[in-house]
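Chains, contacts and geometry: an overview
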Amino acid sequence: MSTITLPITDTWTIDPAHTTVSFSARHLMAARVRGSFKTLSGEITVADTPEKSRVTVSIDAVSIDTGTEDRDNHLRSPDFLDVENFSSLEFASTAVRPVAGGYEVDGTRTIKDTSQPVTLDMQYLGVMADPWGNEKALFSARTQINREDFGLTWNAPLEAGGWLVGKTVDIEIEV
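Procedures and definitions
Residues numbered from 1 in each chain as written. Predicted model: local features only at pLDDT ≥ 70, side-chain atom pairs only at ≥ 80, totals over all residues. Heavy atoms only, no water. 1 Å grid on protein atoms, 1.4 Å probe; cavity = no way out; pocket = protein on both sides within 12 Å on 5 of 7 lines; lining within 4 Å. Points joined across faces, edges and corners; volume = space filled by probe spheres on them. Helix = DSSP H or I, 4+ residues; strand = E, 2+ residues; numbered from the N terminus. Nonpolar A, V, L, I, M, F, W, Y, C, P; charged D, E, K, R; others polar. Buried < 20%, exposed > 50% of the residue type's maximum accessible area, 1.4 Å probe, protein only. Polar contact = N/O pair within 3.5 Å; in protein donor to acceptor, adjacent residues only side chain to side chain. Contact = heavy atoms within 4.5 Å. Salt bridge = Lys/Arg side-chain N within 4 Å of Asp/Glu carboxyl O. Pairing = 2+ DSSP bridges.

1. Some thoughts on empty space enclosed by the protein
This model, assessed by the stated rule, comprises one cavity of 30 Å³ or more. If you add up the space inside the largest cavity, you get close to 370 Å³. Considering the residues around the largest cavity, the lining is formed by 29 residues, among which I44, V55, V105, L120 and M122 are closest to the centre. Elements supplying a minimum of two residues to the lining of the largest cavity: β4 (40-46), β5 (54-60), β7 (88-99), β8 (102-111), β9 (114-129), β10 (135-146) and β11 (165-174). When its residues are assigned to classes, the lining of the largest cavity shows 24 nonpolar, four polar and one charged.

2. Focus: the side chain of T19
If you trace the backbone, T19 turns up in the loop between β1 (10-13) and β2 (20-27). By relative accessible area, which is 10% here, T19 ends up buried. Among the polar contacts listed, one links the side chain of T19 to the backbone oxygen of D15, at a separation of 2.6 Å. Apart from residues lying up to four places away in sequence, T19 is in contact with I14, L40, E174 and V175.

3. Focus on the pattern of salt bridges
Taken as a whole, this structure holds eight salt bridges when the rule is applied. Residue R97 pairs with E104 through a salt bridge whose shortest N-O separation is 2.6 Å. Two residues, D130 and K136, come together in a salt bridge whose shortest N-O distance is 4.0 Å. Look at D130 and you get buried, because its relative accessible area is 19%. Here the salt bridges share partners, and the residues they tie into one network are D15, D130 and K136.

4. Structural notes on the sheet that holds β11
In a beta sheet, neighbouring strands pair by backbone hydrogen bonds and run either parallel or antiparallel. Across the sheet, eleven strands lie side by side as β1-β4-β5-β7-β8-β9-β10-β11-β2-β3-β6; this open sheet has antiparallel pairing. Single-partner strands in this sheet number two, and they are β1 and β6 (64-65). With seven bridges connecting them, β10 and β11 associate as antiparallel partners. Each bridged residue has a counterpart across the sheet, and for N146 the counterpart in β11 is T168.

What follows is the structure, encoded as C-alpha cells:
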C-alpha cells in the first residue's frame, strides 16, 4: 500500500502545458524511435478512497511528433492512426488499486475503432504550488501495449530478417 497522502478530493483538470504523453517503439529491430503527442485534455477525479477515483484522457492524434515529418505523416496515415477518420486516442479508467509503490489504474484505451483493456502503473508524486500560487497535483504513469491489438498492423519485412516496426510500444505519462 502506498503511504503517500492523496490530493484533496476533487476533479483536477489535466494541464496540457505541463503534461507529457510520450512513447517509444523498436525500429529496424534494434533502434528505438521516440515521440510524443502535443495536444491532449482530460481529468483526474480523486475520490475519498483511491478505488473510487477516475481518469479520462483524450489525445489529439494529429499532434503526434517524432521529430521527423515524413515519419509523423506516415503515423497519421491510414497505415497507423488514420487521423482523418479517427481524430483522437482515448483512455477511461475502470478501476484504481493501491499497490506497493503506487497504484494500478485499469482502463480502456481506444485507438482508431478498437478498444482494449490496459493497466497503467501510476505514482502520485504530491501537490505543488506553481509560481502563481496554483496547486498542481503531480502524477506519473507507464504502460506497454501491443500496437497490433489496436489494429495498427502495418509493417515491412527487412532484407536481413525481422520487421521495420516493433509490435511493442512503451508509453510514459507525466501529468
